Amino acid sequence: MTEPHEWDEPTWRGRVEAVRAGRNLLPKSWPGGARCAVALSFDSDHETNELRDGGNSVARLSWGEYGARRGIPRIRQVLDRYDAKASFFVPAVSALLHPEEQKSLADDGHEIGLHGWIHELNTKLDATTERDLMHRAADTLEKVTGRRPVGMRTPSWDYSPNTLTIAQELGLLYDSSLFSDDDPYEIVANGTPTGIVELPVEWIRDDAVYFMMNRFGAQRPYTAPSDVLDIFLRELEGARAEGGLFLLTMHPHVTGYRSRIFILEEILKRATEAGDCWIATHAEIAQYCAEQAGMTVKGMK
Ligand SMILES: [Zn+2]
């Protein structure tokens, strides 16, 4: 294995070109004349964060259980107050541990999307294993909710050189794990458009970055909840000003607490009072962008 500074151009260029941002899919206008689209997502990792690490800490498993037991109901109360539909990305093992939660969310019009098998890191897997887990995860979510997932978010936004091919095999409409833009774009593979919509994410718009805590490491929450709200609202206002997409990632075991749930409430309040935000699931937004761009809409039955 040569060192990166010894690589020839096809090697370094090949790595970059494998998965790239293609054309911008920002529509000329959003439904109902809205100024921006608001996509709220909740990654329902629950117990899989501990399981993925091979841990058997009962306390850490109970932290995951809190996400299902208190986080999800509290989040749903707020969403219901604003009649807002959201996307929940759920590892298959989490769905099997909490099938009623997924079924009930789907029955209420929320989206359940792929989030790996047990929150595994794709870059640590060989292609065969990653493919097997993603297919099994899609089958599991379909079995639990009665609906085939049309979109995915890779666990920890970890995306291997094989992930895109597997997403294509699964016929997915969209991915929401990459970072190349603020607004939706089409993913291209080695210069070829894939027909898959990317709804880009950012650590800036992720609650876990600001709030996570590790007892035996140096990691501590370092931003006040009010400051996190300020950052999120600035992202929302920026999307409104530019006519773009505001996509937020939250976690039931991170945001679903009494001292933090107001962040979700305030965002929905601002978006609703503004009167010009289209609050929709990731699938609805990806479908709309694909249709407006004249793409064949995948995954939707
Ligand atoms: Zn996750």
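Our subject in this report is the structure included herewith.

The rules behind each value
Residues numbered from 1 in each chain as written. Predicted model: local features only at pLDDT ≥ 70, side-chain atom pairs only at ≥ 80, totals over all residues. Heavy atoms only, no water. Phe/Tyr/Trp six-rings, centres within 6.5 Å; stacked < 30°, edge-to-face > 60°. Helix = DSSP H or I, 4+ residues; strand = E, 2+ residues; numbered from the N terminus. Buried < 20%, exposed > 50% of the residue type's maximum accessible area, 1.4 Å probe, protein only. Lys NZ or Arg CZ within 6 Å of the ring centre and 35° of its normal.

## Quick look at the packing of aromatic side chains
Two measures describe an aromatic ring pair: the distance that separates the ring centres and the angle between the ring planes. In this structure the tally under the stated criterion is 10 aromatic pairs. The interplanar angle of 55° and the centroid separation of 6.4 Å between the aromatic rings of Tyr210 and Tyr222 together place this pair among those described as tilted. Linking Tyr210 in helix 8 (residues 207-211) with Tyr222 in the loop between helix 8 and helix 9 (225-242), this pair joins segments that are 12 residues apart in sequence. The exposure class assigned to Tyr210 is buried, which follows from its relative accessible area of 7%. Of the residues examined, Tyr222 reaches a relative accessible area of 59% and is grouped as exposed. For the ring pair Tyr210 and Phe232, a centre distance of 6.1 Å and an interplane angle of 70° mean the geometry is edge-to-face. Here the residue Tyr210 occupies a position in helix 8, and Phe232 occupies one in helix 9, the gap between them amounting to 22 residues. Like Phe232, Tyr210 is buried. Put simply, the rings of Trp30, Trp278 and Tyr288 pair up and form one aromatic cluster. In this structure, Arg136 packs its charged tip against the face of Trp117, placed 4.5 Å from the ring centre. Over the ring of Phe211 we find Arg260; its NZ or CZ atom is 4.1 Å from the centre of that ring.

Note that every value here comes from positions in space, so none of it alone points to a role or purpose.
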